[in-house]
Amino acid sequence: MTIKATSPLGDPRVTYNLEEGQVPETNMPVRFYIKPNRRDGSASILVAEPLDYENTRFFTLRVRVQNVAAVPLASFTTVYVNITDVNDNVPFFMSSTYEATVPEGAEIGTSVVQVSASDLDSGPHGKINYIILKDQSGDSQFFSINSYTGVIHTRATFDREQKSSYLIEVQSQDGSESARPGQQGQPNTDTAYVRIFVTDVNDNAPAFSQPVYEISVEEDKEVGYIVITVTANDEDEGLSLSPSSCSTDTHSVAPVYLSETGLDTSPFCPVECASLPVFSPPHQLPRRWTLLACHPRPVQLQDYCA
């Protein structure tokens with residue numbers, strides 16, 4: 001801006017001085033300087049350093065003007081400078097990567113995670129919208145994001161045994177044309193990655209390695225004699241299988257012994273075993289299980305998870 005002072009006494013020429021203050025709002029450190037215009041006796045207040053609305057939103061400048069008389073006289077004026085905001089800040093995400101989990105089989109629309117970005121600009125310059133960027137992997141099609149809150153929801157149900165994790169890229173963008181160089185009229189943006197892990201649930205029944213086992217046992221075998229060793233697999237992860245009293249991994253081996261009543265997993269008395277197919281129990285049970293039927297007592301294979 002330009003200011004002008006005159007002196008009615010003698011020489012009309014005056015000098016201008018921009019006084020330094022004690023706080024940033026009063027030109028401390030120096031953000032403005034004053035330049036005299038000899039042609040008309042005015043003076044221009046110019047910007048000495050880049051101004052940042054987010055740091056200081058207004059300045060109160062004190063200008064001293066003095067005539068050039070033998071006994072100089074001075075007066076003062078105050079100039080108020082209000083800084084207007086421009087879209088010069090990027091809506092940065094709080095983290096460049098996020099991790100979240102969703103149970104397999106969860107309903108469509110399940111909330112997964114909320115991403116968040118922050119923009120120091122005010123008004124429409126600082127209004128943030130969120131989008132999911134499409135990618136070649138196709139993972140983006142299985143999720144949606146609330147453009148205002150940043151909450152990510154599922155658009156499909158997931159099977160951990162088919163795919164255990166997904167990676168999507170999210171973008172934040174502010175609400176007006178960027179004032180930063182090189183943006184060519186586009187808003188400011190930032191991106192972050194979200195890795196979503198599908199957690200396992202107990203949705204797979206343990207399965208024997210074959211549907212039918214045919215065995216024969218010689219008479220008079222001692223109690224505890226191993227008749228056959230059967231194997232089973234459960235596609236769920238973790239401690240899922242409990243084949244009687246044997247191992248607890250997802251691929252378990254169960255030795256079958258002779259007992260008083262037939263086949264068992266602990267030794268009893270001799271008996272012959274007939275060849276019967278594997279079948280599942282007809283009633284709904286709290287645990288998933290499979291039976292290997294051998295006369296006269298079946299061997300039960302169950303997993304730990306309800």
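None of these values were measured; they are calculated from a predicted model.

Reading the values: the criteria
- Residue positions are given per chain, counting from 1 as you read along its sequence in written order.
- Per-residue local features are limited, in this predicted model, to residues with pLDDT of at least 70; the limit for side-chain atom pairs, both in listing and counting, is 80 or more; totals at the level of whole chains, interfaces and linings are taken over all residues.
- The basis for the side-chain values is all heavy atoms of the structure; hydrogens and waters are excluded.
- Two strands form a pair only when DSSP identifies at least two bridges running between them.
- Numbering of helices and strands runs from the N terminus; a helix is a DSSP stretch of H or I covering at least four residues, while a strand is a stretch of E covering at least two.
- With axes taken as lines fitted to C-alpha atoms, and helix axes fitted only over the stretch in contact, angles between N-to-C directions fall between 0 and 180 degrees.
- Classification of residues uses two cut-offs on accessible area relative to the type maximum, computed with a 1.4 Å probe and protein chains only: under 20% is buried, over 50% is exposed, and between them is partly exposed.
- In this description, contact between two residues means that some pair of their heavy atoms is separated by no more than 4.5 Å.
- A score from 0 to 100, pLDDT tells how confident the predictor is in each residue.
- Pairing of N or O atoms within 3.5 Å defines a polar contact, subject to two protein rules: one partner must be a possible hydrogen donor and the other a possible acceptor, and residues neighboring in sequence count only if both atoms are side-chain atoms.

Attention shifts here to the sheet that holds strand E5 (residues 58-67). Across the sheet, which stays open at both edges, the three strands sit in the order E2-E5-E6 with antiparallel pairing between neighbours. Each end of this open sheet is capped by a strand with a single partner; those strands are strand E2 (14-18) and strand E6 (74-82). Neighbour-to-neighbour, the strand axes of the sheet open up by a mean angle of 25 degrees, direction not taken into account.

Turning our eyes to something else, we now look at the environment of glutamate 20. Relative to the helices and strands, glutamate 20 is located in the loop between E2 and strand E3 (32-37). A residue is classified by how much of its surface remains accessible, and glutamate 20, at 54% relative accessible area, is exposed. Considered as a pair, glutamate 20 and arginine 31 are 11 residues apart in the sequence and their alpha carbons are 9.7 Å apart. Not counting residues up to four positions away in its chain, the partners in contact with glutamate 20 are Thr26, Asn27, Met28 and Val30.

One open sheet holds the three strands; their spatial order is E9-E13-E12, and the pairing between them is antiparallel. Looking along the sheet, the strands with just one partner apiece sit at the ends: strand E9 (111-114) and strand E12 (143-145). On average, each strand axis in the sheet is tilted by 25 degrees relative to the strand beside it, whichever way the strands run. Where E12 lies against strand E13 (residues 151-154), three bridges are found, and the strand directions are antiparallel. Residue pairing for E13: serine 144 is matched across the bridge by histidine 153.

What follows concerns the confidence of the model for the protein. The predicted model of the protein averages 80 in pLDDT, with 76% of residues at 70 or higher. Here residues 240-252 scores under 50 on pLDDT; set against residues more than four positions off or in separate chains, the count is 52 contacts. The low-confidence segment residues 260-302, where pLDDT is below 50, has 123 contacts with residues more than four positions distant or belonging to other chains.

Glancing now at the side chain of asparagine 27. If you trace the backbone, asparagine 27 turns up in the loop between E2 and E3. Side-chain polar atoms of asparagine 27 contact the backbone nitrogen of arginine 31, separated by 2.7 Å. Engagement of the side chain of asparagine 27 in a polar contact is seen with the backbone nitrogen of phenylalanine 32, the distance being 3.0 Å. Those residues in contact with asparagine 27, other than ones at most four positions away along the chain, are Leu18, Glu19, Glu20, Gly21, Phe32, Phe59 and Leu61.

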